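# Understanding the architecture of this molecule
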Amino acid sequence: MSHIVNSYNRLKIPIIRGEGMYLFDQGGKKYLDFAAGIATTSLGHCHPYIVEKLKEQLDSLWHCSNLLTIPQQALLAERLVSLTFADKIFFYSSGLEATEAAIKFIRRYFYIKGRKKRNRIITIEGGFHGRSIAAISAGGNERSREGFAPLLSGFDKVPKNNIQALEEKISDETAAVFLEPIQSEGGVYSLDVEYLQQVRQVTKDQGIILCFDEVQCGYGRIGSLFHYQNIGIEPDILTCAKAMGNGFPIAACLTKDYIAEAITPGTHGSTYGGNPLAMTVGNAVLDIMLKEGFFTHVQKVSKYLRKKLLYLAEKFSKKVLEVRGEGLLIGIELKSPIADKIVDQCCSKGLMLTKILNNRVIRVTPPLIVKNEHIDIACDILYDSIASNF
Ligand SMILES: Cc1ncc(COP(=O)(O)O)c(C=O)c1O
């Protein structure tokens, strides 16, 4: 009997090693990893450069707290500021902490401005922002909320891609709009770019904050460092995590200066966030992602993957409803809820995938270092498994 709280339907495979695109179980069986630890190990398992940097840091300093100056943290912040819209950054250990930070930054900004009533946040139905009480109050589905009442008030949900509904929801109590530009856990739905442009305009006109949650879609997965850069729409706050640490727990909240000014010593913090180990890994990840040709590679393999999956959708049009998503964040929606069976079968054939949206969507999120030859192997296994499951 397992002594782990039963909050995940785990595959009963003890995984003990990872190398590049592959995971290995206790019996030595090899799995092509197109799940990447839920879109996290973007540079592949145990990337030698990151391992080397982490080993060096292990011998010098693990932790000292944010009461001291951490040079690696200052460096990563400086690099991210130079690459993005942001002026200031605070680091965390998980995506949900970045969500909490965004909510706090938003509320505190209006509080300091003397507009204390402006504290409500508009979120989008189907969005996911983590598992804390604040995060499930902001997003999530009924199942993730059920039994956890009382939830936090102060969130107003609107349907996706409906600018009129959003405009109607804005009141003099609205502080911000907080959304995932690509809803990932919610089924891999990209919000329309035109809608996002309108949201940007409306938030600007109304003097309210726009926050993008790029925890899953950010950090290279869509072919540039952040997805907002692909679509040319700048938020005022952005949350990110997952691929930032390639499996080492790192997250961040990026913000404009005028919002960050509302946070002063004693108002916010994190014991582990931005510690020397995490920041060493964060810098090493960025070293690799910023190498010439890295994002071009992601764009090229994304096109190849899409082409192959669209072929699969066409071939199995009676079984597959739609292939959607962007870059290397793709969902295959089935016409019946048997994603679990297909994912299990792929796993037994040596391919790791994940399933979401009430078992209807197979999610494909390979590491960004994936090559066409891996995509060929994965698609062959997927074809076989879909074919034999209907
Ligand atoms: C878009 C998004 N935001 C926030 C989170 C929460 O991140 P974490 O699980 O690291 O708390 C997730 C996790 O999947 C996510 O996909």
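Residues numbered from 1 in each chain as written. Predicted model: local features only at pLDDT ≥ 70, side-chain atom pairs only at ≥ 80, totals over all residues. Heavy atoms only, no water.

Right, let's talk about the site of the ligand for a bit. As a structural note, the neighbourhood of the ligand is formed by S94, G95, L96, F128, H129, G130, E180, E185, D213, V215, Q216 and K242. The contact in question runs from an oxygen atom of the ligand to an N or O atom on the backbone of L96, over 2.9 Å. Between the ligand and the protein, one listed contact pairs a nitrogen atom with a backbone N or O atom of F128 at 3.4 Å. Calculation on the ligand without its partners gives an accessible area of 390 Å², and the protein chains cover 83% of this total. A class-by-class count of the residues in the shell around the ligand yields three nonpolar, five polar and four charged. (Near = heavy atom within 4 Å. Polar contact = N/O pair within 3.5 Å; in protein donor to acceptor, adjacent residues only side chain to side chain. Areas by Shrake-Rupley, 256 points an atom, 1.4 Å probe, with all protein chains shown as cover. Nonpolar A, V, L, I, M, F, W, Y, C, P; charged D, E, K, R; others polar.)

With that settled, consider the pattern of salt bridges. The final tally for this structure, using the stated rule, is 11 salt bridges. For D376, the salt bridge goes to K308, with nearest N and O atoms at 3.0 Å. Of the two residues, D376 sits in helix 14 (residues 372-387) while K308 sits in helix 12 (residues 294-315), which places them 68 residues apart along the sequence. Overall, the relative accessible area of 26% leaves D376 in the partly exposed class. (Salt bridge = Lys/Arg side-chain N within 4 Å of Asp/Glu carboxyl O. Helix = DSSP H or I, 4+ residues; strand = E, 2+ residues; numbered from the N terminus. Buried < 20%, exposed > 50% of the residue type's maximum accessible area, 1.4 Å probe, protein only.)

The next point concerns the nonpolar core. Counting residues in each nonpolar core, the largest one holds 84 residues, and the members touching the most others are F34, L166, Y219, M289, I332 and L382. Looking at which domains feed residues into this core, each of domain 1 (15-33 + 293-387) and domain 2 (49-289) gives three or more. Not counting the four nearest positions on each side in its chain, M289 is found in contact with S42, L43, Y219, L225, A243, F294, F295 and L368. (Core = buried A, V, L, I, M, F, W, Y, C linked by side-chain atoms within 4.5 Å. Domains from an automatic or database assignment. Contact = heavy atoms within 4.5 Å.)

With that settled, the discussion passes to the packing of aromatic side chains. A complete count under the given rule lists eight aromatic pairs for this structure. Seen in terms of ring centroids, Y109 and F110 are 4.8 Å apart; in terms of plane orientation they differ by 70°. Their pairing is edge-to-face. Neither Y109 nor F110 differs from the other in exposure class; each is buried. Taken together, the ring pairs connect F85, Y219, F226 and Y228 into an aromatic cluster. The ring of Y383 is capped by K315, whose NZ or CZ atom sits 6.0 Å from the centre of that ring. Between the NZ or CZ atom of R324 and the centre of the ring of Y189, over which it lies, the distance is 3.9 Å. (Phe/Tyr/Trp six-rings, centres within 6.5 Å; stacked < 30°, edge-to-face > 60°. Lys NZ or Arg CZ within 6 Å of the ring centre and 35° of its normal.)

So, about helix 12. With 22 residues, helix 12 ought to run about 32 Å at 1.5 Å a step, and its terminal C-alpha atoms sit 32 Å apart, in line with that. Where helix 12 is concerned, the buried positions are F294, F295, V298, V301, S302, L305, K308, L309, L312 and A313. Looking straight down helix 12, one finds that the buried residues subtend no more than 145° of arc, so they occupy a single side. Opposite the buried face of helix 12, by more than 90 degrees, sit the exposed residues K300, K303, K307, E314 and K315. (Expected span 1.5 Å × (residues − 1). Arc of directions from axis to C-beta.)

What follows is about the layout of surface pockets. In this structure, the second largest pocket occupies an estimated 560 Å³ of space. Around the second largest pocket, the lining comprises 24 residues; the ones closest to its centre are Q73, K88, I89, F90 and I263. Broken down by element, the lining of the second largest pocket gets its largest block of residues, four residues, from strand 4 (residues 88-92). Among the residues making up the lining of the second largest pocket, the classes are represented as 12 nonpolar, nine polar and three charged. (1 Å grid on protein atoms, 1.4 Å probe; cavity = no way out; pocket = protein on both sides within 12 Å on 5 of 7 lines; lining within 4 Å. Points joined across faces, edges and corners; volume = space filled by probe spheres on them.)

Let us now look at the domain arrangement of the chain. Entries for the chain in the domain assignment read domain 1 (15-33 + 293-387) and domain 2 (49-289). Between domain 1 and domain 2, the C-alpha centre-to-centre distance is 27 Å. Each side of the interface is counted separately: domain 1 has 21 residues, and domain 2 has 19 residues. With both sides pooled, the region where domain 1 packs onto domain 2 buries about 1,600 Å², and carbon together with sulfur makes up 61% of that total. The largest contributions to the domain 1 side of the interface with domain 2 come from F295, E326 and L329, which together make up 35% of the buried area. Counting the contacts that link domain 1 with domain 2 gives one salt bridge. Between E185 and R363 there is a salt bridge whose closest N-O contact spans 2.6 Å. Here domain 1 is connected to domain 2 by nine residue pairs in polar contact (both at pLDDT 80 or more). Put simply, the parts of the chain that give the side of domain 1 that touches domain 2 at least two residues each are helix 12, strand 13 (320-326), strand 14 (329-334) and strand 17 (361-364). Within the side of domain 1 that touches domain 2, the residues separate by chemical class into 12 nonpolar, five polar and four charged. (Buried area = accessible area lost by both parts, 1.4 Å probe.)

Right, let's get into the sheet that holds strand 6 (residues 155-158). The strand order 4-12-11-10-7-5-6 describes an open sheet built from seven strands, whose pairing is mixed. Of all the strands in the sheet, the pair left with one neighbour each is strand 4 and strand 6. Ignoring which end each strand starts from, the neighbouring axes of this sheet average 20° apart. Of the strand pairs in this sheet, strand 5 (residues 120-124) and strand 6 are connected by four bridges, and their pairing is parallel. Directly across from I122, in strand 6, lies its bridge partner D156. On top of the sheet, helix 4 (residues 95-112) reaches strand 4, strand 5, strand 6, strand 7 (174-179), strand 10 (209-213), strand 11 (237-240) and strand 12 (251-255); it is set at about 25° to strand 12, its chief contact. Running over the sheet, helix 8 (residues 193-206) touches strand 5, strand 7 and strand 10 and is turned about 145° from strand 10. (Pairing = 2+ DSSP bridges. Axes fitted to C-alpha atoms, helices over the stretch in contact; angles between N-to-C directions.)

Let us now look at the packing of helix 13 (residues 339-348) against helix 14. As a packed pair, helix 13 and helix 14 sit with axes 9 Å apart at the nearest point and diverge in direction by 130°. Judged by the angle between their axes, helix 13 and helix 14 are oblique. Relative to helix 14, helix 13 is oriented so that their crossing is right-handed. Between helix 13 and helix 14, the residues in contact are I342, Q345 and C346 and I381, L382, D384, S385 and I386, respectively. (Parallel < 35°, antiparallel > 145°, perpendicular 65-115°, else oblique. Left-handed = near helix turned anticlockwise from the far one by under 90°.)

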